[in-house]
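Architecture at a glance
Letter by letter, the chains look like this.
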Amino acid sequence: YIIKDPTANSVIDMIRATRNYFVENSQIQLNRQLSLFGYSEGGYATLASQMVMEQDLSEEFDIMVSFPMAGPYDLSGTMLNRMLDGEYYAEPFYLPFMVNSYIHYYGMGDISEFFLPEFAVDIPELFSGNHGGGYINDYMNDHDYNPPILAMLPEIITEFLDNEDYLFRQLLIENNIFDWAPQSPTYLFHGIADHLVPYENSVVAYNTFIENGATDVHLELLPESYGNHQDVAPYAILGAFNIIES
């Protein structure tokens, strides 16, 4: 969950599998006009996949257009600051979901080294796959783990705040996906009123792309009247579809 390489590889392998399927089932011929788009975690997956395709697999993939929408591209800056700001968060399960995934993927030890003991003991069941995000949100709210940093050990929060060399902070930097220059036409969609994934993620990405020499990137900030993170999604997806049609 929100780790660059396995996320990109999953998307790339899915596209390869689709190509292989249509090679063996010739009723439909692919035109090889590859369009990428995704929202929220899917926005992160879109940009991560585009980066790997362009930097490492350019002979295999030719991206016609890419639409990363409302993704957490700036993990070590915008998103970290949002998690540490001490304010109520509408989807508190995002934080333990992400921390738990990093612990397992990078072999960082046991969950008890990061979360309060009374929360750590429940994490295996909460994230067993038997419960949805709403269930975990209710659990965290009922146990006063909102803002979600209240579920973490105080010394871990201190490390995040005070130690720029802290391993977890460095892993977030490693999984940022904005410091490069997209070669394909790229449209970043984000709602200004996004309360879960701040629109500054897309601003940081766009500005860095331009500074790095990208010439065909576009920032589409949707007005506050369109609503919050979930509300904006249909507008962003339909906007991407309209551009693809053209």
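Described in the following lines is the structure provided in the data block. Just so you know, these numbers come straight off a predicted model, no measurement behind them. (Residues numbered from 1 in each chain as written. Predicted model: local features only at pLDDT ≥ 70, side-chain atom pairs only at ≥ 80, totals over all residues. Heavy atoms only, no water.)

Focus on the side chain of serine 101
Within the secondary structure layout, serine 101 lies in helix 4 (residues 94–105). Owing to a relative accessible area of 15%, serine 101 belongs among the buried residues under this scheme. Among the polar contacts made by the side chain of serine 101, one reaches the main-chain carbonyl oxygen of tyrosine 1 at a distance of 3.2 Å. What serine 101 contacts, discounting residues up to four positions off in sequence, is Tyr1 and Ile3. (Helix = DSSP H or I, 4+ residues; strand = E, 2+ residues; numbered from the N terminus. Buried < 20%, exposed > 50% of the residue type's maximum accessible area, 1.4 Å probe, protein only. Polar contact = N/O pair within 3.5 Å; in protein donor to acceptor, adjacent residues only side chain to side chain. Contact = heavy atoms within 4.5 Å.)

Concerning the packing of aromatic side chains
The final tally for this structure, using the stated rule, is 20 aromatic pairs. A ring pair is formed by phenylalanine 67 and tyrosine 187, whose centres lie 5.4 Å apart and whose planes are at 25 degrees; its orientation type is stacked. Here the residue phenylalanine 67 occupies a position in strand 2 (residues 63–69), and tyrosine 187 occupies one in strand 3 (residues 186–191), the gap between them amounting to 120 residues. In terms of burial, phenylalanine 67 and tyrosine 187 fall into one category: buried. Judged by its relative accessible area of 0%, phenylalanine 67 falls in the buried class. (Phe/Tyr/Trp six-rings, centres within 6.5 Å; stacked < 30°, edge-to-face > 60°.)

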